[in-house]
Amino acid sequence: MADNQYTKKTYTLASGDKIPAIGLGTWQSGKNEVSEAVKHALSVGYRYIDTALAYGNEHEVGEGIRASGVPREQIWVTTKLDNPWHKRVAEGIDTSLKNLGTDYVDLYLMHWPSSTRPDDLSKHYDDWNFIDTWREIQKLVGTGKVRNIGVSNFGITNLEKLLNDPSTKIKPAVNQIELHPNNPSPKLVAYCKEKGIHLTGYSCLGSTNSPLYKDETLLSIAQAKGKTPQQVLLQWGIRNGWDVIPKSVNKDRIAGNFDIDGWSLTDEEVQKLSSLPDRFKVCSDDWLPVKVFFGDDE
Ligand SMILES: NC(=O)C1=CN([C@@H]2O[C@H](COP(=O)(O)OP(=O)(O)OC[C@H]3O[C@@H](n4cnc5c(N)ncnc54)[C@H](OP(=O)(O)O)[C@@H]3O)[C@@H](O)[C@H]2O)C=CC1
Ligand SMILES: O=C[C@@H](O)CO
């Protein structure tokens, strides 16, 4: 982790680019509220916004960025290729750039390893898969449209397939996956670290109506630190080496979640949270036409 001029904590990717340790998530942020949320986040110090074509709010995210007055080059923007666009990567990135009103994104992710047919979302292409999609995503590097490329929702099985394919010339810079103390995925985390693939933790608070907020271990650590359970959850991710992207459209919560500097968790506190017995997952692969997760750590 290194420091830069805009955010106190960052992680350095294989390209040398520095991704901030905390960004604003925007999944399920309504079109009518996300611009203000983004603008507010940037005003309180965030320099990283996570969105996706599938969220249907890239246009409003772009409006919030411009309204903030913060120069574009000071902001890390991640967006994602939607599943039904796997055969249309060039069109997908152009659509996202147009929506966002920007010339480039800092990180472009394959949202899911599912090449879904746009004419029937219940079906997977029979002549195309995520390896083909990655081959096309790699072509974006050097176009000036993407500074880094990566994947999301990849477990070890699919990462192995991708990394071992001869068409893979560029390793994903990032794997964005669900990470919170009830879904800590230690094997997948260790695998990505070994391969030099940085992790972004999504649903880092446990998402809407998080069951984590009733966890006695979390609550006692939060009380002892004089921090909120949400701040502790975010610090847990950062201490473990991944960036976190809490979603909020509430101004106080956006500001409170950003309180990651000047304090930390002890190794023992991190370990206690990593050892919680309960398990739950926010995002499954049930809705996809292909199985994506194959084991406890995926
Ligand atoms: N790659 C992928 O497939 C996925 C990526 N993501 C990304 O990760 C981001 C975060 O994940 P997400 O699932 O949204 O869930 P989070 O874990 O970020 O939780 C968001 C929920 O917590 C509430 N919340 C936020 N801060 C606080 C707080 N301080 N106190 C109490 N409640 C709070 C929010 O409500 P409110 O807005 O009212 O504050 C919202 O209901 C997404 O927004 C998206 O950008 C998420 C899922 C899948
Ligand atoms: O990003 C959010 C989606 O992947 C949820 O299924």
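These numbers were taken from a predicted model, which means no experiment stands behind them. (Residues numbered from 1 in each chain as written. Chains lettered and ligands numbered in written order. Predicted model: local features only at pLDDT ≥ 70, side-chain atom pairs only at ≥ 80, totals over all residues. Heavy atoms only, no water.)

A. Representation of the layout of surface pockets in the model. By volume, the largest pocket amounts to about 770 Å³. As for the largest pocket, its lining consists of 36 residues, and the residues nearest its centre are W27, Q28, S207, T208 and K247. Considering each element in turn, the lining of the largest pocket owes the most residues, 3 residues, to helix α9 (residues 251-257). Residue composition of the lining of the largest pocket, grouped by class: 13 nonpolar, 18 polar and 5 charged. (1 Å grid on protein atoms, 1.4 Å probe; cavity = no way out; pocket = protein on both sides within 12 Å on 5 of 7 lines; lining within 4 Å. Points joined across faces, edges and corners; volume = space filled by probe spheres on them. Helix = DSSP H or I, 4+ residues; strand = E, 2+ residues; numbered from the N terminus. Nonpolar A, V, L, I, M, F, W, Y, C, P; charged D, E, K, R; others polar.)

B. Spotlight on the side chain of S96. You can see S96 is positioned in helix α3 (residues 89-100). For S96, the side chain forms a polar contact with the side chain of E58, separated by 2.7 Å. The residues touching S96, leaving out its near neighbours within four places in the chain, are L53, E58 and T79. (Polar contact = N/O pair within 3.5 Å; in protein donor to acceptor, adjacent residues only side chain to side chain. Contact = heavy atoms within 4.5 Å.)

C. Broad picture of the sheet that holds strand β5 (residues 76-81). Reading across the sheet, the 8 strands line up as β3-β4-β5-β6-β9-β10-β11-β12 and stay open at both edges, with parallel pairing between neighbours. Edge positions in the sheet fall to β3 (24-25) and β12 (243-244), since each has one partner strand and no second. Bridge count between β5 and strand β6 (residues 107-110): 4 bridges; the pairing is parallel. In the strand pairing of β6, L81 is matched with M110. (Pairing = 2+ DSSP bridges.)

D. Seen up close, the site of ligand 1. Surveying the vicinity of ligand 1 reveals 29 residues, the closest of which are D50, S207, K247, S248 and R253. Between ligand 1 and Q176 there is a distance of 2.9 Å, counted from a nitrogen atom to a side-chain nitrogen or oxygen. Between ligand 1 and the protein, one listed contact pairs an oxygen atom with a side-chain N or O atom of K247 at 2.8 Å. Here ligand 1 has 900 Å² of accessible area as a free molecule, and 90% of this is covered by the chains. (Near = heavy atom within 4 Å. Areas by Shrake-Rupley, 256 points an atom, 1.4 Å probe, with all protein chains shown as cover.)

E. Quick peek at α3. Between the first and last C-alpha of α3 there are 16 Å, a value that for 12 residues agrees with the 16 Å anticipated at 1.5 Å per step. Of the positions making up α3, those classed as buried are V89, G92, I93, S96, L97 and L100. All buried residues of α3 lie within an arc of 130 degrees about the axis, which places them on one face of the element. Within α3, the exposed residues directed more than 90 degrees away from the buried face are A90 and K98. Its buried side turned inward, α3 meets α2 (58-68), β5, β6 and α4 (130-138). In the stretch just after α3, G101 is the one whose phi turns positive, near 70 degrees. (Expected span 1.5 Å × (residues − 1). Buried < 20%, exposed > 50% of the residue type's maximum accessible area, 1.4 Å probe, protein only. Arc of directions from axis to C-beta.)

F. Region of the structure containing the site of ligand 2. Surveying the vicinity of ligand 2 reveals the residues W27, Y55, H111, W112, C283 and W287. The separation between an oxygen atom of ligand 2 and a polar side-chain atom of W112 is 2.9 Å. Contact with the protein chains removes 83% of the 220 Å² of surface that ligand 2 exposes when unbound. Broken down by class, the residue content of the shell around ligand 2 amounts to 5 nonpolar, 1 polar and no charged.

By themselves, these figures tell us nothing about what the structure is for.
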